[in-house]
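For reference, the chains in residue letters:
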Amino acid sequence: MGVLDGIAQGFAVALDPVNILYVFIGVLIGTVIGVLPGLGPTATIALLLPLTYEIEPHTAVILLAGIYYGSMYGGTITSVLLRLPGEAASVVTTFDGYEMAKQGRAGPALGIAAIGSFVGGVLSVVGLALLAPPLAALAVSFGPPEYVALTVLGILLITYLGTGSAVKSLCMAALGLLLATVGQDPIAGTTRFTFGQVALFDGLDFVAVAMGLFGVGEILHSLERTEKAQAVARRIKGIWPSRADMRDSAGAIGRGSVLGFLIGVLPGGGGVVSSLASYALEKRRAKDPSRFGRGAIEGVAGPETANNASSTSAFIPLLTLGIPANVVLALIFGALLIHGVTPGPQLIDQHPEIFWGVIASMFVGNLMLLALNIPLVGVFVQILRVRAGILSAFALLVTMAGVFSINNDATDMWVVLAFGLLGWLMKKTGFEPGPLVLAFVLGPVLERAFRQSMLISGGSLSVFVTRPISGGLLAATVLVVVISVVTARRRARVLHRHDELTPAEGER
Amino acid sequence: MEQWRGHLHRIGPLLVLAVGVAALVGAVELSLGSLTEPGPGLWPFVAALLLTGTGLVLLVVDDPEDYEPFTRGSARIAGGLAGLAVFVAAFEVVGFVLPAFLMLLLWLRVFGREPWRLALGLAAAGSIGLYVLFDTVLGVRFPSDAVAGLVGA
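Note that this is a predicted model, so its numbers are computed, not measured.

(A) The arrangement of the overall build of chain A in detail. Each helix and strand counted, chain A has 21 helices and two strands in total. Here chain A holds 508 residues, and the buried ones make up 61% of them. Sequence-distant contacts in chain A: of pairs separated by 6 or more residues, those separated by 24 or more amount to 81%.

Below, the structure written as structure tokens:
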């Protein structure tokens, strides 16, 4: 099937009234939770996973994807108005966005962010439609050794590109791999680490683990830290940027789209890295870099464009290789597995409605977000009036009821509670839950591929190096690790410098 | 006492190490097999090896700055978790509505510091509303409900 046929089919799916409704619900929920600090896209998607059981798999992914890129829009609003990033990728927007707001230019900052996000999202959708089919065709020829190399590359990239300490992330990835072995051995069926509990024979439930670590764990962690939310009374005027604003940011939006797209494809890329990279690029290119941090509109336009572009292109590795590029995609991977759909190179042929439907729905969703954001910013800000205590109490109760509904089994509630406690403690001790969940999802894939490779090669580990693609992937793994260690230092410096700058400026 | 305080952050890596070593032992007991014919324990062994290795590294190089202090707020969160545990236990016996009401009340009063009237109202509306949503609309089969039984619903 050609790309054009595919896109036509995709729009047929995306424009189905039911799916339009779910895109709308998705981007609306996404925007709302993007505004709310303490409830990010990961937590929300984890909390809503049980509800996707009842709907078609493509509708489920359309909904979850909408929440993901919708939250990228929403996070901008609070970053600009309150210097309160609703989710991690918007931290960069606070640098110049909040300064613009202080100068009375909150409207154009939000407007250009929405426009940039739209452009970045749409360009990225086009790139996804063009690049994914050939990549999937290539991936069909992959054997088990290539999958081992690819999965290892994915897990390593995520631990190295993540925000915290790389050793800690690797440690959590190891724990995820280990937890994934609970239950029956995928080949011989021997039970492992079940301690005689029948409930554990099928392994730990992915949804319960994710809901515990992200949903409950993050709610508890943010509840402990949030101060009373400020109410916003200011009216925001002149959302639509002036012609001069547009001219100033056009280049930043273009570069942000390309950069975000490329970074999003890399495992571990995702929002934070792409927005930081775009900010650094714009600052380096600027004639007068000292304007950055003092309300330069390019400093809002570029990163906002990049993070939305990356949240779209991050779907490429999932839809073509079956490797989730970040934690949100790992959750979507899990949602598809629950529906009996295994994402991978065959997805385009076997489930074209999922592949093309999701792509087309992203276009529709971005259009809705643009239409929602520009007139409704003032309404979204009012959501901040909901107090954290009320929000968390209800979110926890819905989590508990939701997780029970998966198997009508209270055991899952205990699993959520245990992983909630673990997630909270991990957050407090600087261990990232992301690599754990990702490794937990990929663990069975990796183990099966590893054991099949051993059967093919007759027990020789050299099979991973001598086959050209797997050897090349492993070489790439080493290369990327080296590069990212170097750039991670630089990134840390950029953030550090801003930490020193902002308080002083805030006091003025 | 004082010289110990600087090393408190090493409890995390020590726990990781303990889990790693326990998993190594468990994996060996499952039988490793050989690379040609991997036993059920081989893969868990590899994962446990990685866990133990990173745990050892963290024991030495970990940055104490990563650790947030445990405060009175942390104690409240721990209390809230205990409350949730009571909720789950009670849910298995008397169904959803009553434990949900009490849990919401606890969280709204203690963590949200909402006034009594608002907390009571929200807890009542929330527990009944969510019961109707999950049990009646979504058709989830909660354990038979003591409160709903009283009113004959």
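The structure having been displayed, the exposition proceeds.
(B) Layout of the overall build of chain B. In terms of regular secondary structure, chain B is built from seven helices and zero strands. Listing each helix as α and each strand as β along chain B from the N terminus yields α-α-α-α-α-α-α. Seen through its principal axes, chain B has C-alpha atoms that stretch 65 × 50 × 20 Å. When contacts within chain B are restricted to residue pairs at least 6 apart in sequence, long-range pairs at least 24 apart make up 54% of them.

(C) Representation of the interface of chain B and chain A in the model. The interface is formed by 50 residues belonging to chain B together with 48 residues belonging to chain A. When grouped by side-chain class, the residues that make up the side of chain B that touches chain A number 33 nonpolar, ten polar and seven charged.

(D) Highlighting the packing of helix H5 (residues 97-111) of chain B against helix H6 (residues 116-137) of chain B. Residues and elements named next belong to chain B. The interhelical angle for the contact between H5 and H6, taken along N-to-C directions, is 145°, at an axis separation of 8 Å. For H5 against H6, the interelement crossing comes out right-handed. Each of Val97, Ala100, Phe101, Leu104, Leu105, Leu108 and Arg109 in H5 lies in contact with H6, whose residues at this interface are Ala119, Leu120, Leu122, Ala123, Ala124, Gly126, Ser127, Ile128, Leu130 and Tyr131. Considered class by class, the residues forming the contact of H5 with H6 number 14 nonpolar, two polar and one charged.

(E) Expanded view of H6 of chain B. Residues and elements named next belong to chain B. With 22 residues, H6 should reach 32 Å at 1.5 Å per residue; the first-to-last C-alpha distance of 30 Å fits that figure. Listed in full, the buried residues belonging to H6 are Ala119, Leu122, Ala123, Gly126, Ser127, Leu130, Tyr131 and Asp135. Projected down its long axis, H6 carries its buried residues within an arc of 150°, all on one side. Facing away from the buried side of H6 by more than 90 degrees, the exposed set consists of Arg117, Ala125, Thr136 and Val137.

(F) Spatial organisation of the domain arrangement of chain B. Per the domain assignment, the segments of chain B are domain 1 (2-66) and domain 2 (72-150). In this structure, domain 1 of chain B and domain 2 of chain B have C-alpha centres spaced 38 Å apart.

(G) Expanded view of the nonpolar core. Formed by 208 residues in total, the largest nonpolar core has its most connected members in Ala210, Met211 and Ile332 of chain A together with Leu104 of chain B. No other element matches the 16 residues that helix H6 (residues 106-139) of chain A contributes to this core.

(H) Structural view of the confidence of the model for chain B. For chain B, per-residue confidence averages 83 on the pLDDT scale, and residues scoring 70 or more make up 92% of the total. By mean pLDDT, helix H1 (residues 2-5) of chain B is the weakest element of chain B at 54, and H5 of chain B is the strongest at 89.

(I) Inspection of the packing of helix H4 (residues 72-94) of chain B against H5 of chain B at higher detail. All names here are of chain B. For the pair H4 and H5, the least separation of the axes is 8 Å and the interaxial angle reads 170°. Taken together, the axes of H4 and H5 lie roughly antiparallel to each other. Of the residues in H5, those in contact with Arg76, Gly80, Gly83, Leu84, Phe87, Ala90, Phe91 and Val94 of H4 are Leu98, Pro99, Met103, Leu106, Trp107, Val110 and Phe111. Residue classes in the contact of H4 with H5 are distributed as twelve nonpolar, two polar and one charged.

Basis of the calculations
Residues numbered from 1 in each chain as written. Chains lettered and ligands numbered in written order. Predicted model: local features only at pLDDT ≥ 70, side-chain atom pairs only at ≥ 80, totals over all residues. Helix = DSSP H or I, 4+ residues; strand = E, 2+ residues; numbered from the N terminus. Buried ≥ 20, exposed ≤ 12 C-beta atoms within 10 Å, placed from the backbone. Contact = placed C-beta atoms within 7 Å. Nonpolar A, V, L, I, M, F, W, Y, C, P; charged D, E, K, R; others polar. Axes fitted to C-alpha atoms, helices over the stretch in contact; angles between N-to-C directions. Left-handed = near helix turned anticlockwise from the far one by under 90°. Expected span 1.5 Å × (residues − 1). Arc of directions from axis to C-beta. Domains from an automatic or database assignment. Core = buried A, V, L, I, M, F, W, Y, C linked by C-beta atoms within 7 Å. pLDDT = per-residue confidence, 0-100. Parallel < 35°, antiparallel > 145°, perpendicular 65-115°, else oblique.

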